[in-house]
Amino acid sequence: MKYNTETEKLQKEIRMLLKEKDAILLAHNYQVPEVQDIADMRGDSLELSMRASKTDAKVIVFCGVHFMADTASILSPDKTVLLPVLGAGCPMADMIRAQDVQKIKEDNPDVVIVSYVNTTAEVKAETDICCTSANVIQVVNSIAPEKRIFMTPDKNLALYAKKRTGREIDSWDGYCPIHNNLTAETVIKRKEEHPDALFIAHPECRPEVLELADEIKSTSGMIRFVNQSSAQKFIIGTETGLIHPLSQANPEKEFIPADRGMICPNMKKTGLTDILEALETMEPVVEVPESIRKRAIKAVQRMLQIPGV
Ligand code: 13P
Ligand code: SF4
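The following refers to the structure shown. (Residues numbered from 1 in each chain as written. Chains lettered and ligands numbered in written order. Predicted model: local features only at pLDDT ≥ 70, side-chain atom pairs only at ≥ 80, totals over all residues. Heavy atoms only, no water.)

Observations regarding the site of ligand 2
Applicable threshold: The nearness test applies per residue and asks whether one of its heavy atoms lies within 4 Å of the molecule or strand. Put simply, Ala, Val, Leu, Ile, Met, Phe, Trp, Tyr, Cys and Pro go in the nonpolar bin, Asp, Glu, Lys and Arg in the charged bin, and everything else, Gly too, in the polar bin.
Close to ligand 2 lie Tyr30, Val65, Cys90, Pro91, Met92, Asn118, Cys176, Ile178, Glu204, Cys264 and Met267. Considered class by class, the residues forming the shell around ligand 2 number 9 nonpolar, 1 polar and 1 charged.

Some words on the site of ligand 1
The test is simple: A 3.5 Å cut-off defines polar contacts: any pair of N or O atoms within that distance qualifies, except that in protein one atom must be a possible hydrogen donor and the other a possible acceptor, and neighbouring residues in sequence count only when both atoms are side-chain atoms.
Taken together, the residues surrounding ligand 1 are His28, Tyr30, Asp44, Ser45, Asn118, Ser133, His179, His202, Glu204, Ser218 and Thr219. Within the side chain of serine 45, an N or O atom sits 2.7 Å from an oxygen atom of ligand 1. Looking at side-chain class alone, the shell around ligand 1 contains 1 nonpolar, 8 polar and 2 charged residues.

Describing the packing of helix α1 (residues 5-20) against helix α14 (residues 272-281)
What counts here: Lines fitted to C-alpha atoms define the axes here, with helix axes fitted over just the stretch in contact, and angles between the N-to-C directions of these axes take values from 0 to 180 degrees. Strands are runs of DSSP state E lasting at least 2 residues, helices are runs of H or I lasting at least 4, and numbering of each runs from the N terminus. Angle categories: roughly parallel below 35 degrees, roughly antiparallel above 145, roughly perpendicular from 65 to 115, and oblique for all the rest. Here a crossing is taken to be left-handed if its near helix is turned anticlockwise relative to the far helix by less than a right angle, and right-handed if that turn runs clockwise. Only heavy atoms matter for contacts: two residues are in contact if any of them lie within 4.5 Å across the pair.
Between α1 and α14, whose axes approach to 10 Å, the crossing angle comes to 30°. In terms of their interaxial angle, α1 and α14 are classed as roughly parallel. Considering the relative orientation of α1 and α14, their crossing is left-handed. For the pair formed by α1 and α14, the contact residues are Thr7, Leu10, Gln11, Glu13, Ile14, Leu17 and Leu18 on the first element and Leu272, Thr273, Ile275, Leu276, Leu279 and Glu280 on the second. Tallied by class, residues from the contact of α1 with α14 come to 8 nonpolar, 3 polar and 2 charged.

Some words on the sheet that holds strand β1 (residues 23-28)
Here is the rule: Following DSSP output, two strands are said to pair if at least two bridges run between them.
Taking strand neighbours across the sheet as the criterion, the 4 strands line up as β2-β1-β3-β4 in an open arrangement whose pairing is parallel. Only two strands of the sheet have a single neighbouring strand rather than two, namely β2 (41-43) and β4 (80-82). Pairwise comparison of adjacent strand axes, ignoring direction, gives a mean angle of 20° for this sheet. As paired strands, β1 and strand β3 (residues 59-63) are joined by 5 bridges and run parallel to one another. By the bridge assignment, leucine 26 is partnered in β3 with phenylalanine 62.

Printed below as a string of structure tokens:
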């Protein structure tokens, strides 16, 4: 993508500072294009946390939302994790608290708590195993069949996992406001407008929307699917930021947002000037307190140890 001189200047300054500070820049697939395009890696939640756990760099600049920087800090306590805009949060992650999970465990002593990575570190500390949109099926299948499962916080992800695995899964009543807002009526309308397009959806969408999908994938899973598909047109059932990496990798293909309103304001908060400032001041730092980190890392590592994840 071609940027104006001012933007290019900022991008260059950031790349120079990254080198100087021995830092890497990780960007989620929903970030604004000018941020994505200077990242050392862009990806989905799973890919970014894996990269955060493996990097040799001293500093991780996380361009995403708070729980992602938290996860990086849980996995790499010896690194400095910068979240350029501290107020970039995830409303779904804030829908459940650690005390809610404690209560679930008190009421259901034998239950296995599976928490979406979109949770606070405190919730992860109360969790048996984490999952992301890319590995939820493998995570659920890794749990002994006689065990009961309770998933937090996303009810839609839980229903998707229940349907795909045939397991009994109870769940918290949380949801992503962006994905949950996409209705089946809107998708049907879009399909009528573009009868030759495939509809790909994120598992955070409602069950009746997922029923209409040709494929259900994490954000990077969508990119991989489109890259290898012979289809030319796709209706994208996720945050519209994903259209940037999709179009970059597939300039000859056409991408139609399922709903143009699918914009996550928190994922758009981080701009180039915020990144530059964070690198200059080495703030704001996200650091999970050791007492919580020690407990939270078990659930994250258990997820990362599943074969094929
Ligand atoms: P992915 O892990 O699929 O990128 O999803 C993260 C997210 O926040 C989706 O809304
Ligand atoms: Fe959270 Fe939804 Fe935004 Fe993803 S798109 S960060 S789940 S609010």
